[in-house]
Number of protein chains: 2
Amino acid sequence: MSDGDGTSPHAVSTATLTSQADDDRGTGDAVDLLGLVAYTELASFGRLAGDAAHAPTLGQRLSLSRMAATMLERQHAVLDRATELGGHPETCMAAYEGMYDDFDGRTRPSTWWEGILKGYVGQGVADDFCLLAAQGLDERSRGVVVDALTVETAADRSAPVIGVAAADDPVLASRLALWGRRVVGEALGVVGSVLAERPALARLVADAMRAAEGEPGDGPSTQAWVFARLTAEHARRMDRLGLAA
Amino acid sequence: MSDGDGTSPHAVSTATLTSQADDDRGTGDAVDLLGLVAYTELASFGRLAGDAAHAPTLGQRLSLSRMAATMLERQHAVLDRATELGGHPETCMAAYEGMYDDFDGRTRPSTWWEGILKGYVGQGVADDFCLLAAQGLDERSRGVVVDALTVETAADRSAPVIGVAAADDPVLASRLALWGRRVVGEALGVVGSVLAERPALARLVADAMRAAEGEPGDGPSTQAWVFARLTAEHARRMDRLGLAA
C-alpha cells in the first residue's frame, strides 16, 4: 500500500521507505492519521448538530443539521481506508477520544455567532493540519484524506453568513475578530499537543516538510513550519469573512 | 396529484375528493402532513445527535451519530414531495416549530438509557401517527411518507441495546418500563394537541379511519381510534424490548 514502487509523481515523501519495518511503520502512521481525520469528522458532526439545536431560525437549523450529516458522509471513505490498511474503525479513532475537550472548555462561545465562527476557525485549522500531514502518506491514503477534506465543506458554507452579518455590524465584526484570534490560538495549542503526543503524526508532518522544503538545514523546526502554514491559511480564511486575523 | 383517476387500489380514502375545492383541500392537507413528517425527522436528528454527544462509548457515539444522519436522509424525499405539491420546505415545517418543546420539558431523561428509550418510544408514536394519517393522503404522497418512515429506523436499531441491558438488570428493566409509560403518555398528549390544532391532520386521520372501519355509526371518536391504534403499537414495541408496557 506504500508508494514503494516509485511510479507515483507524488511519491517523494515515502519513496525512502524501503525495508519491511519502514513499510509497517508507514502503514501504522497512515492508520494513525486516518483515525485523527475520522475522529475530527465525528467531533465536527457533534459541534454542528449542537449549533443547529440553538440556531435562531428554522432555516439555519436545517442547514446546520445537513452540514453535520455531511461530516459523517466524509468520514466513511476515511474509515474504509483505515480498515484496508488493517486498522479498526473504532480503535483508530479511540486514540484521539477527548482530544478536543480541553479546546472546547477554553473556547465556550457566548453567542451563536461565536459558535459558528469557532467551527469555521477550528475546523479550518484541523482540516489544514490533516491535509499537511497527509502529504507524508502513501498515495491512496493521501487521496482519500484530500478528497474527504476538500469537498465543499460545512465551514465554507457557513462562512458567507458570518461575513454578511459582520459587514452589517462593525461591533459584531470587531468582537468576532477578537474571538477568532482566541480560537485559532487554542486550536494551534491542540496541534502542538498532538504533534508532541503522536510520534506517527510528527513523522508524517516531517516527511511533508521535507517534500515541500527539501532536506532541512538550518530551517525551521517542524512545529514552527506547521504553525506558519496553518496561520497563513487562517489569515486567508478570516480575510474571506472580512474579519481581521 | 390526487387519486381522482380512481385507478389505484388504495384510493378509497381520497376518491371522494372530486370538486376543485376538495382537490385543493387535499393538496393543502398533504403539505401539512408532509411538513409534520419533515419537522419530526429534524427533531429526531437533534435528539439523536444530543444522545450521541453523551454516549458512554465511542462506538455508541458513532452509531447514534449515524442514526441521526439517517433521519435527515429520510427527510429529503418528504420535502421534495411537499415542494411538488406547491409547498415550501421551510414554511411547511415552520407550522410545527417548537411542537416537541413541551413534551421534551416534561420528559427530561435522568440517565442515558432513559434518553435512548425516550427516543424509541417517542419516535415510535410520532412515526405511527404519521403513518396512520398518511392513509388519508393521495397515493404518491402516501408512498413517500410510508417509504420514509418504514426504512429500517434508528429507533429499531437502538432497541436491541436497550433490550440486552434490561435483560441483564431487573432494576433497570423496571425503571425503564415505568419511564416508557410516562413517555408514551406525554407522546399521546402531543398527538391530542396536534389533532385539535391542525384541522388538516384531523381530516386525514378521519379519512384513514373511514377507510379502515367504514362509515362511523356509534363507533369511537377519531381521537379514541387513533389512541387505541398507537397504544397497541406501543405495547408491541415494549414487548420487543422485554419491557412491560
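Residues numbered from 1 in each chain as written. Chains lettered and ligands numbered in written order. Predicted model: local features only at pLDDT ≥ 70, side-chain atom pairs only at ≥ 80, totals over all residues. Heavy atoms only, no water.

Looking at an unreviewed UniProt entry, one finds chain A named Ferritin-like domain-containing protein and attributed to Cellulosimicrobium arenosum.

Honestly, the overall build of chain A in this entry has me stumped. Any pointers?
Each helix and strand counted, chain A has 10 helices and 0 strands in total. Of all 245 residues assigned to chain A, the portion counted as buried reaches 51%. The contacts in chain A between residues at least 6 apart in sequence include a share of 77% that link residues at least 24 apart. Split by element, the accessible area of chain A, about 10,700 Å² in all, is 53% carbon and sulfur. (Helix = DSSP H or I, 4+ residues; strand = E, 2+ residues; numbered from the N terminus. Buried < 20%, exposed > 50% of the residue type's maximum accessible area, 1.4 Å probe, protein only. Contact = heavy atoms within 4.5 Å. Areas by Shrake-Rupley, 256 points an atom, 1.4 Å probe, with all protein chains shown as cover.)

Help me understand the relation of the copies chain B and chain A, please; the structure alone is not making it clear to me.
Each copy of the chain is related to the other by a rotation around an axis and a translation along that axis. The two copies are related by a screw motion: chain B maps onto chain A through a turn of 180 degrees and a shift of 0.0 Å along the axis, at an RMSD of 0.0 Å. Between the two chains, the operation in question is that of a two-fold axis. Nearest to the rotation axis, the C-alpha of A69(B) is located 2.5 Å from it, this being the minimum over chain B. The overlap is high: 100% of the interface residues of chain B also sit at the interface in chain A, so the same surface is used on both sides. (Least-squares fit on C-alpha atoms with pLDDT ≥ 70 in both.)

What is the right way to read the interface of chain B and chain A from this model?
Interfaces are often sized by the amount of accessible area the parts lose when they come together. If you look at the interface, chain B gives 21 residues, while chain A gives 21 residues. Both faces considered, chain B and chain A share a buried interface measuring about 1,900 Å² in area, 70% of it formed by carbon and sulfur atoms. Considering only the side of chain B, the residues that lose the most area to chain A are L58(B), R61(B) and L62(B), jointly responsible for 29% of the buried surface there. Counting across the chain B and chain A interface gives 0 salt bridges. (Buried area = accessible area lost by both parts, 1.4 Å probe. Salt bridge = Lys/Arg side-chain N within 4 Å of Asp/Glu carboxyl O.)

Just to check I follow, could you spell out the packing of helix 2 (residues 58–84) of chain A against helix 5 (residues 112–134) of chain A for this structure?
For any two helices packed against each other, one specifies the crossing angle of their axes together with the interaxial distance. Residues and elements named next belong to chain A. Following both chains from N to C, one finds helix 2 and helix 5 inclined at 20 degrees, their axes separated by 14 Å at the closest point. Put simply, helix 2 runs roughly parallel to helix 5. In this structure, helix 2 meets helix 5 at a crossing whose hand is left-handed. Contact residues: helix 2 offers Q60, L64, M71 and R74, while helix 5 offers W112, I116, Q123 and D127. Taken together, the residues of the contact of helix 2 with helix 5 break down into 4 nonpolar, 2 polar and 2 charged. (Axes fitted to C-alpha atoms, helices over the stretch in contact; angles between N-to-C directions. Parallel < 35°, antiparallel > 145°, perpendicular 65-115°, else oblique. Left-handed = near helix turned anticlockwise from the far one by under 90°. Nonpolar A, V, L, I, M, F, W, Y, C, P; charged D, E, K, R; others polar.)

Would you mind showing me how to read the packing of aromatic side chains here?
What describes a pair of aromatic rings is the distance from one ring centre to the other and the angle between the planes of the rings. For the structure on display, the rule yields 5 aromatic pairs over all chains. Between F45(A) and F45(B) the ring centres are 5.9 Å apart and the planes differ by 75 degrees, which places this aromatic pair in the edge-to-face class. A residue pair is termed interchain when its members come from two chains, as with F45(A) in helix 1 (residues 20–53) and F45(B) in helix 1 (residues 20–53). Classification of F45(B) as buried rests on a relative accessible area of 1%. One cation-aromatic arrangement involves R198(A) over Y96(A); the distance from NZ or CZ to the ring centre is 5.0 Å. (Phe/Tyr/Trp six-rings, centres within 6.5 Å; stacked < 30°, edge-to-face > 60°. Lys NZ or Arg CZ within 6 Å of the ring centre and 35° of its normal.)

How should the nonpolar core be read in this particular structure?
Where a protein is soluble and globular, its nonpolar side chains tend to be buried together. Counting residues in hydrophobic clusters, the biggest one holds 154 residues, and the most contacted among them are L33(A), L117(A), F129(A), L33(B), L117(B) and F129(B). Here F129(B) is in contact with L36(B), V191(B), V194(B), L195(B), L201(B), V205(B), V226(B) and L230(B), once residues within four sequence places are set aside. (Core = buried A, V, L, I, M, F, W, Y, C linked by side-chain atoms within 4.5 Å.)

Help me understand the side chain of D51(A) in this model?
Residue and element names in this part refer to chain A. Inspection of the secondary structure puts D51 in helix 1. The class for D51 is buried, based on a relative accessible area of 12%. Apart from residues no more than four positions distant in its own chain, D51 is found in contact with L64, W112, G115 and I116.

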